[in-house]
Amino acid sequence: MLDKTYRPQEVEADIYAAWERSGAFACDPDSDARPFTIMMPPPNVTGSLHMGHALNHTLQDLLVRYWRRRGRDALWQPGMDHAGIATQMVVERQLAEQGKTRHDLGREGFIERVWQWKAESGGMILGQLRRLGTSPDWARERFTMDEGLNHAVRHVFVQLFRQGLIYRDKRLVNWDPQLHTAISDLEVESKEVKGHLWHLRYPLEDDPTQTITVATTRPETMLGDTGIAVHPEDDRYRHLVGRHAVLPLVGRRLPIVADEYADPEQGSGAVKMTPAHDFNDFEVGRRHGLALINVLDRDARINDNAPEAYRGLDRFAARERVVADLEAQGLVAAVEDHAHAVPHGDRSGVVIEPWLTDQWYCDAAVLARPAIEAVEQGRTVFVPKNWENTYFEWMRNIQPWCISRQLWWGHRIPAWYGPDGHIFVEETEEAAIAAARAHYGDDPCFRGEPLTRDPDVLDTWFSSALWPFSTLGWPDDKSMTARYYPSDVLITGFDIIFFWVARMMMMGLHFMDDVPFHTVYIHALVRDAKGQKMSKSKGNIIDPLALMDRYGADALRFTLVAMAAQGRDIKLSENRVEGYRNFATKLWNAARYCQMNECRPQPGFGPRSATHTVNRWIVGAVAQMAERVDRGIEAYRFNDAATALYQFTWGTFCDWYLEFTKPILTGEDEQAKAETRATTAWALDQILHRLNPIMPFLSEALWQEMGDGRNDLLIDAPWPDYAPDLADPAAMAEMDWVVRLISAVRAIRAEMNVPAAAEIPLLIKDGGPAAAERLDTHGALIRRLARLSEVTLGEGEPPRGSAQAVLDEATLVLPLADIVDLDKERTRLTGEIGKLDSEIAKIDAKLANQSFLAKAPEEVVEEQRERRAEADATRTRLKQAVARLAGA
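Because the structure is a prediction, the values reported are computed rather than measured.

Caption draft 1: Representation of the sheet that holds strand S26 (residues 760-765) in the model. If you walk across this open sheet you meet the four strands as S27-S26-S29-S28, and the pairing is mixed. For this open sheet the edge positions go to strand S27 (788-794) and strand S28 (802-807), each flanked by a neighbour on one side alone. Shown here is a sheet whose adjacent strand axes are inclined to one another by a mean of 20°, direction ignored. In this sheet, strand S29 (residues 810-815) lies alongside S26 in antiparallel orientation, the contact comprising three bridges. Within the sheet, the bridge partner assigned to Lys 765 lies in S29 and is Thr 811. Each of S26, S27, S28 and S29 is contacted by helix H24 (residues 729-751), which is oriented at about 150° to S28, the strand it contacts most. Strands in contact with helix H25 (residues 768-786) are S26 and S27; relative to S27, the strand with the most contacts, it is inclined by about 160°.

See the structure below:
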């Protein structure tokens, strides 16, 4: 017998261990079954499970469990990302606690220390994913730095270099002056800073008495100015185009150029151009041939390209000195307080500098063309489809991809330099030496001297871009890619469409000649209950591990699935998770009730054998529920699947069917009892089947407990399908009528504040023969569940003081005059409707206010829309209640 209470913490670990022992998670490359493949987005080796992970992996696991049980050969490929900067920082912090730096260990010693850290502490998140109940093929776990993937990375780099798609170039990068490396846009966090906007006067070369005013938030960068841009149609400056200004403090001639980048409405309309320290200026500079003068070193200090007075100054100290010197010369026209977004490194926390440096680049524009066409042609589809626009916008305006990082931990770039600087790109050092010998021949400048390897490593996203095929053994073993590539679906967040999805598309098409996945499902963002984005600074982070400890993994999983509506962010609260824990408890109690009433699965039971109307009804309702669940999962409308399960389990099965059949199970008809027990057990089994991909622990626990002598695991059981004609339309219509009648009476009782203990009469007006027949069969049931003293059929005018509701062609009449003060209820309901009218009018005024819409955060606007929808639904319900009192 089941315990009185379901305690997930006591069973989840044992159930997961049983799954792993059974080998249920493993793919079968020798199977004749059609493959189903999902590539797990590799979490960082430094990572810990957050709510975004929980949502992402719950949805992946749902799909894998579903298709695995439908007979597909499912491969969910797990693994971890080496997380270059994040991992290096973790180990460097450990060294700092010992008073050391990585330079004390040297490169090889430091790399060895990182591997040691990974073995001892890395990969904690994989254990946390097990806690969530995920079912990837753990035996195939990969790591982006393992030897197989390392070979794939070197191979791809060499091939792209030989094809002219990887090259060295001097361009601006996001430079972190504390970590001393280029970083990706994803590692840049924009923070609003209260600063200043300085308006500076630059004298004209041919008439120093005249000046042109430019505005800047970074006066220290003016030391590297090489031009001034104005809009070609700005009449204020049209006469200055082609002339020169003189850069104060430096004396450099600055050409004044016409470029549409300059905005006449911003500042003075004239923009100082510092191509070596601003991304936009860099592009303008390229268009007009402006010089690139880098005035900062790698520590963001002023270098020797600036006048001697500023050399060696930190950038912010240089800012103060430059402003003071300009003020002394009367060249500061104005200073405004100015709040603006400033890029910061998300790990170092320091201000990021656009910095001109030599780096390795990938020609993303060439690789992007086939990736754009693949989505245009529908070979890869985004769900929701609107995310394709985001993908196209970035891909059609793609810039060269900086793939080098100035770190020690990562895939070291397979490039070696000869004594004269000639570059040899090969997969191994031996191959590079051989290439050098072939290149230099007897040239005395070589003479067998050792080559110098490039010290940089590759951007983490470079190796991640190869994940869909490198994890399958490519390029050494292509048997797995032949079977499992391309994958069926990728589930990921919108924030890495650019950084990961697009790059996997580019690399997959280039090296595998096919898209890496057929579908990209972009899941929503998990926010707090108020719709705010979670962050440490706000103190509103919800820890999935804590929720699982309190309510069990299944409650969290079901919550996330139930709220995963396409295109809508999730507003998560602990109350939601608690509510779905209660759903698990409801099902547990229903199963316990079934055990107590000897409802056990019967071998050989066929649902078509049911003869009693209530049993034929539940059989049809099961088939309808199952069809809704399957349709929701396959259409990536996961919330629809969860809703269908919840409504059927809590409502149809627990609240209705188990109540309807109590008289049978306590009656004297042994044949009816046997059929009902078998049907009840069958229906419960079907719930467990459909619930299994979302709540695997609870469904597995009940599956084992409910079946006498069951040795098979639910995870291995075939997925049940039902014939289209399994539902009996007549039985469905009959019991549906009973449910709707009882529900209508209950709604009137609640709306009119009828005392719970009061039994009242019901008159069914104009019911017809079908109603009479149904009342004859189910009258006692209806009276008991609706708390009615009697139910009669009749015609003519209903008595005064009655509440009414329509049920098909009939009218339900409840005489309430002797039980409820109807005038008082009418007044109360009308008053509540008036309050709702006022609330809706206020919300409508807000939503019509363009100033509010422009200034309010998106989550606040969405909250107002939701409040309006809720108020409108309540108002409609209350108006229906008032309508029921018409003529009373």
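Don't stop here, the text continues.
Caption draft 2: Fine view of the pattern of salt bridges. By the definition in use, this model includes 57 salt bridges. Asp 736 is paired through a salt bridge with Arg 740; the nearest N and O atoms lie 2.9 Å apart. Residue Asp 736 and its partner Arg 740 are located together in helix H24, separated by four residues, close to a single helical turn. Within this structure, Arg 70, Asp 630, Glu 634, Arg 690 and Asp 721 form a network of salt bridges that share partners.

Caption draft 3: The arrangement of the packing of helix H9 (residues 364-376) against helix H10 (residues 387-395) in detail. Remark: H9 packs on H10, axes separated minimally by 10 Å, with the N-to-C direction vectors making an angle of 160°. Our classification of the angle between H9 and H10 gives roughly antiparallel. Classified by chirality, the crossing of H10 by H9 is left-handed. Across from Ala 368, Ala 371, Ile 372, Val 375 and Glu 376 in H9, the residues of H10 making contact are Glu 388, Tyr 391, Phe 392 and Met 395. Among the residues forming the contact of H9 with H10, the class breakdown is seven nonpolar, no polar and two charged.

Procedures and definitions
Note that residues are indexed from 1 along each chain, following the sequence as it is written. Per-residue local features of the predicted model are confined to residues with pLDDT of at least 70, and side-chain atom pairs are confined, for both listing and counting, to 80 or more; whole-chain, interface and lining totals are unaffected and use all residues. In computing side-chain properties, one takes all heavy atoms of the structure into account and sets aside hydrogens as well as water. Strand pairing is assigned whenever DSSP identifies at least 2 bridges connecting the two strands. Only DSSP runs of H or I covering at least 4 residues are called helices, and only runs of E covering at least 2 are called strands; the numbering of each starts at the N terminus. Axes, fitted as lines to C-alpha atoms, cover a helix only where it is in contact. Angles between the N-to-C directions of the axes lie from 0 to 180 degrees. Working rule for contacts: check all heavy atoms of both residues, and any pair within 4.5 Å makes them a contact. Throughout this description, the term salt bridge denotes a Lys or Arg side-chain nitrogen within 4 Å of a carboxyl oxygen of Asp or Glu. Orientation labels follow simple angle bins: below 35 degrees gives roughly parallel, above 145 gives roughly antiparallel, 65 to 115 gives roughly perpendicular, and whatever is left gives oblique. It is the rotation of the near helix from the far one that decides the hand of a crossing: anticlockwise by less than a right angle makes it left-handed, clockwise makes it right-handed. Polarity classes work like this: nonpolar for Ala, Val, Leu, Ile, Met, Phe, Trp, Tyr, Cys and Pro, charged for Asp, Glu, Lys and Arg, and polar for all others, with Gly in that last group.

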